[in-house]
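# Close look at the chain arrangement
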Amino acid sequence: MMKTFKATATRLEALSRNNVKILEADVTDAKALSLAAVEVAKATNNKLDYLINNAGSSTNPGLTLDQFPSPMAVEKDLIDNFKINTIGVVHSTNAFLPLLKNGSDKRVLILSSGLGDLDFTLAAETGAQASYSIAKAAVNMVVAKYAAQFKADGFVFLAISPGIVDVAATRGSEPTAGELEEFKMLSKAVGKAAPDFKGPITPEESVKMQLELLNRWTVEETGAFVSHLGNKQWM
Ligand SMILES: NC(=O)c1ccc[n+]([C@@H]2O[C@H](COP(=O)([O-])OP(=O)(O)OC[C@H]3O[C@@H](n4cnc5c(N)ncnc54)[C@H](OP(=O)(O)O)[C@@H]3O)[C@@H](O)[C@H]2O)c1
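The name recorded for the chain in an unreviewed UniProt entry is NAD(P)-binding protein, from Mycena venus.

### A word on the side chain of Ser206
With respect to the helices and strands, Ser206 occurs in helix H8 (residues 203–216). Its relative accessible area of 2% is what places Ser206 among the buried residues.

### What about the sheet that holds strand E3 (residues 156–161)?
Strand order in this open sheet of four strands is E1-E2-E3-E4, and the pairing throughout is parallel. Each of the sheet's edge strands pairs with one partner strand only, and the pair in question is strand E1 (50–53) and strand E4 (224–227). Between one strand axis and the next, the sheet turns through 20 degrees on average, direction left out of account. Relative to E3, strand E2 (residues 107–111) is paired through five bridges, and the arrangement is parallel. Looking across to E3, one finds that Leu111 is bridged to Ile160. Set on the sheet, helix H3 (residues 71–102) makes contact with E1, E2 and E3; between it and E1 the angle comes to about 175 degrees. Packing against the sheet, H8 makes contact with E1, E2, E3 and E4, and its axis sits at approximately 145 degrees to E2.

### Let's talk about the pattern of salt bridges
All told, the structure shown has five salt bridges when counted by the stated rule. As a salt-bridge pair, Asp80 and Lys76 come within 2.6 Å of each other at their nearest N and O atoms. Here Asp80 and its partner Lys76 are both found in helix H3, four residues apart, which amounts to about one turn of the helix. The closest approach of N and O atoms between Lys151 and Glu220, which form a salt bridge, is 3.6 Å. Placement of Lys151 in the loop between helix H5 (130–150) and E3 and of Glu220 in the loop between H8 and E4 is noted, with a sequence separation of 69 residues between them. The exposed category is assigned to Glu220, whose relative accessible area is 62%.

Conventions used here
- Residues numbered from 1 in each chain as written.
- Predicted model: local features only at pLDDT ≥ 70, side-chain atom pairs only at ≥ 80, totals over all residues.
- Heavy atoms only, no water.
- Helix = DSSP H or I, 4+ residues; strand = E, 2+ residues; numbered from the N terminus.
- Buried < 20%, exposed > 50% of the residue type's maximum accessible area, 1.4 Å probe, protein only.
- Pairing = 2+ DSSP bridges.
- Axes fitted to C-alpha atoms, helices over the stretch in contact; angles between N-to-C directions.
- Contact = heavy atoms within 4.5 Å.
- Salt bridge = Lys/Arg side-chain N within 4 Å of Asp/Glu carboxyl O.

See below:
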């Protein structure tokens, strides 16, 4: 059955703001994104200043690359993660590029993850979250490619790792089994890679830092991959 993303936008809907229009599209579905872009174009006079690529997810976070029951299973996991976390960003960005080109700010944020950083991975000494980490590492190159291509047009592309953010409360549900596994793995890894880690931050704290970075990032710095702190300190 097709997932309806709009049904989960209850908090956004509750804001009842007349300058907020909720549209839905699966980021793995390029056609749905094109249709959403047509609707956005109608509402914004064909322009867009900011695009935030937030959608992302992780499957089988507890498994390392050698722990899947079959070659087919590990291949599927890699492809599933790549489709949402990497190709989804390409489809979304391509769909909205024509509108962004007409915009005055031309700022594109991509939610990446410190798990996509080679140095963090080696310091954390963990093979878990493999497919997700690989897909996030790849999306950092997606960001670099768009940045290199559109720097001369005044675009700012920025990949931000949001920190370790406790989103379960915002969603109004308990953490999923996957998230619990992720926290378990991360706590172990974090002890090695970031012994001063104080615990997760709230979505409000993270988003405030992300927007501050996105607004002050310059065209000269386009294509970077940084944490919510604006550097390579991931948590
Ligand atoms: N939370 C963290 O600590 C953390 C750390 C590092 C990076 N990140 C990254 O930050 C971003 C936001 O994560 P989050 O923690 O807020 O996760 P989340 O609570 O699971 O939210 C993920 C969002 O992505 C949407 N989504 C998932 N698959 C989609 C698809 N195929 N098409 C369209 N939308 C889709 C979900 O929609 P529904 O609500 O409809 O399911 C949801 O709104 C992700 O890119 C994640 O990888 C998060």
